[in-house]
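# Architecture at a glance
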Amino acid sequence: MKLKAFREDWSQVAEAVRKISPGRKPKVALYMAGGCGGCDLSFIGLGERFLDITENIDVVLWPLIADFRYSRVKRMYDKTIDLCLFNGAVMNRGQMDMAQILRKKSKIITAVGSCACMGGIPGMLGLQGKGKEKSRKRVKLAEGILPLPEPCDFISPLSGVIDVDYLIPGCPPTPSMILKLFVSMLENKLPPKGSVFASGRTLCDECERARKGKSVKVFHRPYEKVFDDKVCLLDQGLLCMGPVTRAGCGSQCVSANMPCRGCLGPAEGILDMGGAYISTLASIMCGGEKTTIRKTVESIPSLGGTVYRFSLSSSILKKQRRASRN
Amino acid sequence: MEEYEPKIIVFACKSCLPKNVGLEEIPLVREGCVNHLNPKLLLSELKKGADGILMLCSPPGECHSAEEDGEAFKRFVLLQRLLSDLRISRERLRFECLKESESFGFMKLVKEMTSKLKSLGPLRWENEA
């Protein structure tokens, strides 16, 4: 709910940003690793406030927007960059090196988006067996042969490679979360290290739909029928990740009558989304004969893919910590 | 070559475990009602190196917390499904209802599970199909 109130104060926030006139503009770097670029677009999605913010910062690296040279970043003094927004999972050697360089050069490093925070969609490669497909070393183009970076053994979130100061989860994070980070940086009121720029409660705590109880016999996919917009989606047989997911997105999916996908990651106190979600599913499923229970479970489209859609790389079973190269 | 000895973890409540069996023969026992089992514990045991997991529960209607009767089976089926989605054999997880007095049955279950796990081999995340 905090975020909603925050959103209504847009105009005040813009004013606050305008009033700040730091002696030196903070240097900001935005880097994209194994991601889709949606997080960068979410920053641009701030609209007019984007201009307010960019007036007050000095962008030193943003490959999506303009041509920057990585060699220039490497030549910088340590801790030159005030804030680095890193989005995307670490999938190959190049991205891993860049993450380590950016850690050296930045004072604050923030993982933006589900991929950087938890491994995200690319992390789902872990559902496939390893070593089945050979990765290509180079690709032939009209201009010549392009060498491809060496892929890592496993896909890891940013925190598996370097120390991360703040997390902004979401796929993509809402513009207001990114704005919150910038405003707190510009006002010099940053929260303690390790903070997450979202609520600590679960999405269900903020949901206003009515609960019905233990009644689910068959699970559906969202397109299979029209769902009541007043009743809990889980009770109607949709795999909504609300009970285990962090709130703070303003319940965008649920208010559009679509189940939560769990992109903000596990709420505070939840270690593994899959484990916690199985407890929830067991409590809403209809009991009875063993064969009915088995049938109900088999009607779930893809349990592993649903519960670990964004967090497979940081789940109990698949979590691995990479040894540093240095 | 040394023979492979699988590591089995048993999740069971006190009333299911036979009293007169030497517990040193059984691999590892985690006590607690399976109806209230937190799946997180089971997943972390697998990650820590268990090759198989045995969930034991009182027969229907005999559980001490009558309200929760039958919850264990739902958790078991869901966990089996989750493991198979993660490319881990379903047979590594087994659920049985057992009465207090059946100490023979308990040892038999452990033996069956051990031979099954021996045929499956050690749990390796990359190779499991």
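Scroll up to find the structure.
We now turn to the structure provided with this report. (Residues numbered from 1 in each chain as written. Chains lettered and ligands numbered in written order. Predicted model: local features only at pLDDT ≥ 70, side-chain atom pairs only at ≥ 80, totals over all residues. Heavy atoms only, no water.)

Another point: the overall build of chain B. Within chain B, the secondary structure is distributed over 3 helices and 4 strands. The order of α-helices and β-strands along chain B, N terminus first, is β-β-α-β-α-β-α. Evaluated residue by residue, chain B yields a buried proportion of 50% over its 129 residues. Within chain B, counting contacts between residues at least 6 apart in sequence, those at least 24 apart form 71% of the total. A total of about 6,400 Å² of accessible surface is found on chain B, and carbon and sulfur atoms cover 50% of it. (Helix = DSSP H or I, 4+ residues; strand = E, 2+ residues; numbered from the N terminus. Buried < 20%, exposed > 50% of the residue type's maximum accessible area, 1.4 Å probe, protein only. Contact = heavy atoms within 4.5 Å. Areas by Shrake-Rupley, 256 points an atom, 1.4 Å probe, with all protein chains shown as cover.)

Opposite the 26 residues of chain B that make contact, chain A presents 34 residues. Between chain B and chain A the total buried area reaches about 2,700 Å² when both faces are included, carbon and sulfur atoms providing 66% of it. When residues of chain B are sorted by the area they lose upon contact with chain A, B:Lys74, B:Leu78 and B:Arg81 head the list and together hold 25% of the total. The interface formed by chain B and chain A holds 1 salt bridge in total. In this structure, B:Arg90 engages A:Glu298 in a salt bridge whose closest nitrogen and oxygen atoms are separated by 3.6 Å. The tally of links between chain B and chain A comes to 7 residue pairs in polar contact (both at pLDDT 80 or more). Those elements that provide at least two residues to the side of chain B that touches chain A are helix 1 (39–48) and helix 2 (71–85) of chain B. (Buried area = accessible area lost by both parts, 1.4 Å probe. Salt bridge = Lys/Arg side-chain N within 4 Å of Asp/Glu carboxyl O. Polar contact = N/O pair within 3.5 Å; in protein donor to acceptor, adjacent residues only side chain to side chain.)

Before going further, it helps to examine the sheet that holds strand 2 (residues 58–61) of chain A. All names here are of chain A. With respect to topology, 5 strands assemble into an open sheet ordered 2-1-3-5-9, the strand pairing being parallel. Every other strand in the sheet has two partners, leaving strand 2 and strand 9 (166–168) as the edge strands with one partner each. On average, each strand axis in the sheet is tilted by 25° relative to the strand beside it, whichever way the strands run. Bridge count for strand 5 (residues 106–112) against strand 9 is 3 bridges, and the pairing is parallel. Bridge pairing links Ala 111 to Leu 167 in strand 9. Contacting strand 1 (27–32), strand 2, strand 3 (81–87) and strand 5, helix 6 (residues 93–105) runs over the sheet at an angle of about 135° to strand 5. (Pairing = 2+ DSSP bridges. Axes fitted to C-alpha atoms, helices over the stretch in contact; angles between N-to-C directions.)

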